[in-house]
Every structure is written in structure tokens, then in C-alpha cells.
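# Architecture and fold: a report
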Amino acid sequence: MNEPILCALFLSFLAGAATSIGGLLSFVVKKDNFAALALGLGFSAGVMIYVSFMEMMPEAKASLAALYGPGAGAWLSVGLFFGGVMLAWVIDRFMPSHHIQADALEKKNKLKHLGLFTALALAIHNFPEGLATFMATMENMTLGISIAIAVAVHNIPEGIAVALPVYHATGSKGKAFLYSTFSGMAEPLGALLGFLIFRYFLHEGAFGVMFALVAGIMVYISLDELLPTAHEYADGHHVIWGVIGGMMIMALSLLIF
């Protein structure tokens, strides 16, 4: 394996590993600090909603428009977005129910369910990012490094989004860290598959499809899971400031990188 390929794989790994930093940051919040938990869940929702509408959907639309034309590309990206919403709803229905337990236990199960669901969505989201990092590095090392830094910055709050509910539900730092790390390891997996298969067969439209679907999944999780759960732990002001804070952090990271 030559040096550019090794560098591309390594950069994808580093970008994905940034979710672990987010996982570690989530331990700063004490388990019984419910106001901070609500703020953190709102923050996670803000991150996911903002990145869905301001980064992923425009990329999906541009990618699909390049293949099918502006009109068809726009309709297809919107259709796939709502397809992602429906897919998330189906996944949610088949995940273990969290509505049948006693009150205190129900909340813990709900948080764990939320962490697992978020990890799954972000892992799917991180897969094409890893592939993009790999392909960009193979074409231009400087561009690849820039993309890897940008992805890493984005992945830190995503790691918080996964680890925070798991930590509060289980009290286990190990599990919270493991789930946040798992979601990020989809990045080097995407890079590895890019090296093995996708660089020969993948076309531009596949990125558009993936981004639009995942945007729908992430918005569903935010509206159906993160925000309702946050409101159970604190009043609306904590939640809304968390949402705005998450959006601001993602906006700044997108502008800077």
C-alpha cells in the first residue's frame, strides 16, 4: 500500500476519532444535573438540524442536480429527505420499546434508546464523510487535510450527542465512550471501502442519495427523540438555548473550515 493511500486512510481515521473527544466532553456534566442534560440534548438537536439543512441538503441537491438537472435534482433530494424521515420512523418502531417501564426506569431506557439511535444515524452520516475525505486526499493532499480537519471539528459535538444520553441512562463512561467512538469509526470504514471498491464504481449521485436520506433521519431523531426527551428534564428555556448553541457551533465550524 503506497504512502498517499496510507495518508488518506489515516486522515479519515483521525477525523472519525474526533467523536471520541465529544464522548469525553460529555462526562463533564454530572449525571444528576438535569438542566445541563436538557441543555446538552437541545445542543445535540441543534447540531443535527443545522447540519442537515445547511450542509447535507444543499450538497445532496447539488450532487443530484449535476446528474439529473436542477429541477429533477431538487425534487429527488426533497423526496429522499422525506424518505429518510420515514426510514427513521420504521427503524424507531423496530428498536426496543421504551414506553412500558416504571417512570424512573422508563426515562433511563428512553435515554439509552436515544443514544443508540443517534449513534446509528451519525454512523450512517459519517460513512460518506470518510469516503469523501479519502477521495479528496488521493486527489490533493492539502485539500484532504482541510476536509479532515473540518470533519473532525464537526464530529466533536456529534460525539457529545451520542455519549450524553447513554452516560445519563447507564452511568457508564465506558459505554458512552464506546458508542460515541463507534459512530465515528464509520469514517475510516467509508475510507477503506473507498479504497477497496467504491473508487472504481461510485458515482456522484450516490453521495446525494446518502446525504438526503441521512438528513431526513437526523431531523426525525431531533424532533421526535432529542427535543421531547430534553423537555422532560428541564423547562423550555434550557432546551431552546441548547438548540441555538448547537446551531451556532456548527455554523462557526462550517464558516471557519
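Residues numbered from 1 in each chain as written. Predicted model: local features only at pLDDT ≥ 70, side-chain atom pairs only at ≥ 80, totals over all residues. Heavy atoms only, no water.

Moving on to a nonpolar patch on the surface. The grouping of Leu39, Ile240, Trp241, Ile244 and Met248 at the surface amounts to a nonpolar patch, some 490 Å² of accessible area in total. Here the nonpolar patch takes four residues from helix 9 (residues 236-256), the largest share from any one element. (Patch = residues over 30% accessible without salt bridge, like charges linked within 9 Å, V, L, I, M, F, W, Y side chains within 5 Å. Areas by Shrake-Rupley, 256 points an atom, 1.4 Å probe, with all protein chains shown as cover. Salt bridge = Lys/Arg side-chain N within 4 Å of Asp/Glu carboxyl O. Helix = DSSP H or I, 4+ residues; strand = E, 2+ residues; numbered from the N terminus.)

Okay, the packing of helix 2 (residues 34-68) against helix 3 (residues 70-94) next. Contact geometry of helix 2 with helix 3 gives a least axis separation of 7 Å together with a crossing angle of 135°. One finds that helix 2 runs oblique with respect to helix 3. Along this stretch, helix 2 crosses helix 3, giving a crossing that reads as right-handed. Along its contact with helix 2, which presents Phe53, Met57, Ala60, Lys61, Leu64, Ala65 and Tyr68, the element helix 3 presents Pro70, Ala72, Gly73, Ala74, Leu76, Ser77, Val78, Leu80 and Phe81. Residue composition of the contact of helix 2 with helix 3, by class: 13 nonpolar, two polar and one charged. (Axes fitted to C-alpha atoms, helices over the stretch in contact; angles between N-to-C directions. Parallel < 35°, antiparallel > 145°, perpendicular 65-115°, else oblique. Left-handed = near helix turned anticlockwise from the far one by under 90°. Contact = heavy atoms within 4.5 Å. Nonpolar A, V, L, I, M, F, W, Y, C, P; charged D, E, K, R; others polar.)

Mapped onto the secondary structure, serine 12 falls in helix 1 (residues 3-25). Setting aside anything within four residues of it in sequence, one finds serine 12 in contact with Gly130, Thr133, Phe134, Glu187, Pro188 and Ala191.

For the rest of this paragraph, the subject is the nonpolar core. Within the largest apolar cluster, 46 residues are counted, with the highest numbers of intra-cluster contacts made by Leu41, Met218, Ile221 and Leu226. Listed by contribution, the elements that provide at least two residues to this core are helix 2, helix 3, helix 4 (103-139), helix 5 (141-170), helix 8 (204-233) and helix 9. In terms of residues, this core owes the most to one element, helix 8, which gives 14 residues. Residues Ile5, Leu9, Phe134 and Ala191 belong to the second largest nonpolar core, which totals six residues. (Core = buried A, V, L, I, M, F, W, Y, C linked by side-chain atoms within 4.5 Å. Buried < 20%, exposed > 50% of the residue type's maximum accessible area, 1.4 Å probe, protein only.)

In contact at an axis separation of 7 Å, helix 1 and helix 6 (residues 173-184) are set at 155° when each is read in the N-to-C sense. By the angle between their axes, helix 1 is roughly antiparallel relative to helix 6. Note on packing geometry: the crossing formed by helix 1 with helix 6 is right-handed. Across the interface between the two elements, Gly16, Thr19, Ser20, Gly23 and Leu24 from helix 1 touch Phe177, Ser180, Thr181, Ser183 and Gly184 from helix 6. A per-class count over the contact of helix 1 with helix 6 returns two nonpolar, eight polar and no charged.

Time to look at the packing of aromatic side chains. As enumerated under the stated definition, the model contains two aromatic pairs in all. Where phenylalanine 53 meets phenylalanine 81, the ring centres are 5.6 Å apart and the plane angle is 40°; that geometry is what we call tilted. Within this pair, whereas phenylalanine 53 is found in helix 2, its partner phenylalanine 81 is found in helix 3, the two being separated by 28 residues in sequence. With relative accessibility at 42%, the residue phenylalanine 53 sits in the partly exposed group. Centroid distance phenylalanine 81 to phenylalanine 82: 5.0 Å. Interplanar angle 85°. Geometry classified as edge-to-face. Here a set of aromatic residues connected by ring pairs shows up, and it is made of Phe53, Phe81 and Phe82. (Phe/Tyr/Trp six-rings, centres within 6.5 Å; stacked < 30°, edge-to-face > 60°.)

Here we come to the confidence of the model for the protein chain. Averaged over the protein chain, the pLDDT score is 78; the fraction of residues at 70 or greater is 82%. In the model, residues 96-102 has pLDDT below 50 throughout and makes ten contacts with residues more than four positions away in sequence or in other chains. (pLDDT = per-residue confidence, 0-100.)

Our focus in this paragraph is helix 1. Between the first and last C-alpha of helix 1 there are 33 Å, a value that for 23 residues agrees with the 33 Å anticipated at 1.5 Å per step. If you check which residues of helix 1 are buried, you get Ile5, Ala8, Leu9, Leu11, Ser12, Ala15, Gly16, Ala18, Thr19, Ser20, Gly22 and Gly23. (Expected span 1.5 Å × (residues − 1).)

Our focus in this paragraph is the environment of threonine 229. For threonine 229, the location among the structural elements is in helix 8. Sequence separation of threonine 229 and lysine 110 is 119 residues, and the distance between their C-alpha atoms is 7.9 Å. Not counting the four nearest positions on each side in its chain, threonine 229 is found in contact with Leu41, Lys110, Leu111 and Leu114.

Looking now at the environment of serine 63. Counting through the fold element by element, serine 63 comes out in helix 2. According to the relative accessible area criterion, serine 63 is buried, its value standing at 4%. A C-alpha to C-alpha distance of 7.8 Å links serine 63 and glycine 73, two positions ten residues apart in sequence.

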